[in-house]
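Letter by letter, the chains look like this.
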Amino acid sequence: MVMDPIESIKTVKDSSFAMLLAAQKKGWQLYYMQQADIYQLDSEVFARACKIQVTDDPQNWFEKSAEDIIPLKELDTIFMRKDPPFDMEYIYTTYLLEQAEKQGSLIVNKPASLRDANEKLFATQFPQCCSPNLVSRDPRLIRDFVHQHEDVILKPLDGMGGQSIFRVSPTDPNLSVILESLLEFGQRSIMAQKFIPEITQGDKRILMINGEPVPYTLARIPAKGETRGNLAAGGEGVGMPISERERWICQQVGPRLKEMGLIFVGLDVIGDYLTEINVTSPTCIRELDKQFDLDIAGDLMNCVESILQA
């Protein structure tokens, strides 16, 4: 698994940790590495990796061996779970993982699809599921969109956890400075979305395994005075069965995810609308497992095993 420093995770909510526990339960040997540990020598990709054992203990959750050099092609499966930002270093890592993929490793999720499926833009490939939206770096176009829809969310295309998300209106006295900041004076594209008032009922996370939804969603309810439902922004996670509309959205998106090798994905739905498709390191496994006695990571490992055996 390629992930952020395991020393700093919160085990009670970390989905990568849930995956490690599930893989270990199947008797698989675990290797832990960070993005900077992966390198290519001539045409072969290696990593400075540690064998690791995990325990579901918030005080003492892992033990790792001394670092060793391993060819990535020797690993059956590599989970790319590095959190955004989705910057050039992230893209370079997908190129290296793609080399391992060509040499026989299963990469979750497929490196080329990680590059192709920007988490904000990818959702707009399903317009039947989306609210009105605009992607541009032209402040005039964005102002026109704000004036047309009156209540609008502005957000960067490469953020996570609710960072740099603004709710604006045509009369907002800070609109100019918000646009200057987000657009970096016309040098960066952003997304504008018509505000969906059902956010008060939660920004719902639906987890998808190989194109099929987990039958429960985590509604991330914004804290008082907040627009953002993200757990990282103080939202409260409340589990509930997925609705008929949400199941329909999954049916629209699922076949494309499977086709692209996007094995583990998180759809974000507010009200009746798909707002994002999270492909890099979607979360909420542990919250849903706890509330509904599920084993989502175990189901994911069973799926991976079936793909390897096919």
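Residues numbered from 1 in each chain as written. Predicted model: local features only at pLDDT ≥ 70, side-chain atom pairs only at ≥ 80, totals over all residues. Heavy atoms only, no water.

Together, Asp87, Glu89, Asp158 and Glu184 give the surface a local cluster of negative charge. As for its placement among the helices and strands, Glu184 is situated in the loop between helix H5 (175-183) and strand E11 (190-194). (Patch = residues over 30% accessible without salt bridge, like charges linked within 9 Å, V, L, I, M, F, W, Y side chains within 5 Å. Areas by Shrake-Rupley, 256 points an atom, 1.4 Å probe, with all protein chains shown as cover. Salt bridge = Lys/Arg side-chain N within 4 Å of Asp/Glu carboxyl O. Lys, Arg positive; Asp, Glu negative; His and termini not counted. Charge placed at Lys NZ, Arg CZ, Asp CG, Glu CD. Helix = DSSP H or I, 4+ residues; strand = E, 2+ residues; numbered from the N terminus.)

What follows covers the state of the cysteines. Under the defined criterion, the tally for this structure stands at 0 disulfides. For the unlinked cysteine Cys130, the closest cysteine sulfur is that of Cys129, found at 6.2 Å. We classify Cys130 as buried; its relative accessible area is 13%. Sulfur of Cys303: no disulfide; nearest cysteine sulfur belongs to Cys250 and is 15 Å away. (Disulfide = S-S within 2.5 Å. Buried < 20%, exposed > 50% of the residue type's maximum accessible area, 1.4 Å probe, protein only.)

Among the nonpolar cores identified, the biggest contains 38 residues, and Ile38, Leu72, Leu267, Leu274 and Ile277 are the most heavily contacted of them. Within the residue set of this core, elements represented by two or more residues are strand E3 (44-54), helix H2 (88-102), strand E12 (203-209), helix H6 (244-259), strand E16 (264-270) and strand E17 (273-278). For Leu267, the residues in contact, after removing those within four places along its chain, are Lys204, Arg205, Ile206, Met208, Ile249, Cys250, Val253, Leu274, Glu276 and Ile277. Counting residues in hydrophobic clusters, the runner-up holds 35 residues, among them Met3, Leu30, Trp61 and Cys284. (Core = buried A, V, L, I, M, F, W, Y, C linked by side-chain atoms within 4.5 Å. Contact = heavy atoms within 4.5 Å.)

Glancing now at the pairing of strand E14 (residues 216-221). Here 3 bridges tie E12 to E14, and the two strands are oriented antiparallel to one another. Looking across to E14, one finds that Asp203 is bridged to Arg220. When E14 meets strand E15 (residues 236-241), the two strands line up antiparallel, connected through 6 bridges. Bridging across to E15, Ile221 finds its partner in Glu236. (Pairing = 2+ DSSP bridges.)

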